[in-house]
Amino acid sequence: MQKLLTRILPVAAAIAFAACQGGNTSTNTAALKDSLEIDSLSSVVMTIHDEGMAKMMTIRRLKERVVEVKDSLAAKKADTAAYFVTANLLDSATSAMNSWMTGYDMELKDKNAPEKKAYLEAERKKIADVQDLMSNSIKGAKTLLKEE
């Protein structure tokens, strides 16, 4: 028991001492503000990502349908250019999402607060652009296939 106390007591004293040190409250407030901003930006980025991921199955289904119609038209020697372009746009949307996910640094290692904020702002723009590409490719495919 005494061994346990001799190990715990110095740690407890150090924690108590550190807790009593008021420190610079403006620095603490700024650090808290930075942390909240970083968490908020990260949440926005991940919300946009999650919305985009929800569209992946729709893109896959539309791609299959576009290819089916393209192949059917090609067998009849009809013009398939619009279907070819639409299939490529759907592929581009999928590739853009996969590329963004591969490059995204979720842990933000080796970055200070201003670097984290700048990184997350840039990533918010990137993933918003990916989401726009996904939405536009879905809209174009649905229009081509005359779906609602």
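To start, this report covers the structure provided alongside it. By convention here, each chain's residues receive numbers from 1 onward along its written sequence. In keeping with the model being predicted, local features are shown solely for residues with a pLDDT of at least 70 and side-chain atom pairs are shown and tallied solely at 80 or more, while totals for entire chains, interfaces and linings include all residues. Excluded from the side-chain calculation are hydrogens and water; included are all heavy atoms of the structure.

The next subject is the overall build of the protein. A helix here means a DSSP run of H or I that spans at least four residues, while a strand means a run of E at least two residues long, and both kinds are numbered starting from the N terminus. When helices and strands are tallied, the protein shows five helices and zero strands. When the helices and strands of the protein are listed from N to C terminus, the series reads α-α-α-α-α. The cut-offs for exposure are 20% and 50% of the maximum accessible area for each residue type, with area from a 1.4 Å probe on protein chains only; residues under the lower value are buried, those over the upper are exposed, and the others partly exposed. Within the span of the protein, comprising 148 residues, buried residues form 24% of the whole. The contact criterion used is simple: two residues touch if any of their non-hydrogen atoms lie within 4.5 Å. The contacts of the protein with a sequence gap of at least 6 include a subset with a gap of at least 24, amounting to 79%.

Let's shift gears to helix α4 (residues 81-103). Expected helix span is given by 1.5 Å per residue-to-residue step, counting one fewer step than there are residues. With 23 residues, α4 ought to run about 33 Å at 1.5 Å a step, and its terminal C-alpha atoms sit 32 Å apart, in line with that. Of the residues making up α4, those classed as buried are Y83, T86, A87, L90, A93, A96, M97 and W100.

One side-chain nitrogen of Lys or Arg within 4 Å of one carboxyl oxygen of Asp or Glu is enough to make a salt bridge. Tallying each qualifying case throughout the model produces twelve salt bridges. We note a salt bridge from E68 to R65, for which the minimum N-O separation is 3.4 Å. Placement of both E68 and R65 in helix α3 (residues 56-75) is noted, with a separation of three residues, approximately one turn of the helix. With relative accessibility at 39%, the residue R65 sits in the partly exposed group. Of the charged contacts in the structure, one is a salt bridge between K125 and D129, with a shortest N-O distance of 3.0 Å.

A few words now on the environment of M46. When you line up the elements, M46 lands in helix α2 (residues 25-54). M46 gets classed as buried once you look at its relative accessible area, which sits at 19%. Between the alpha carbons of M46 and R124 there is a distance of 8.7 Å; along the sequence they are 78 residues apart. Each residue touching M46, except ones within four places of it in the same chain, is listed here: Y104 and M106.

Take it as geometry only, folks, not as evidence of what the structure does.
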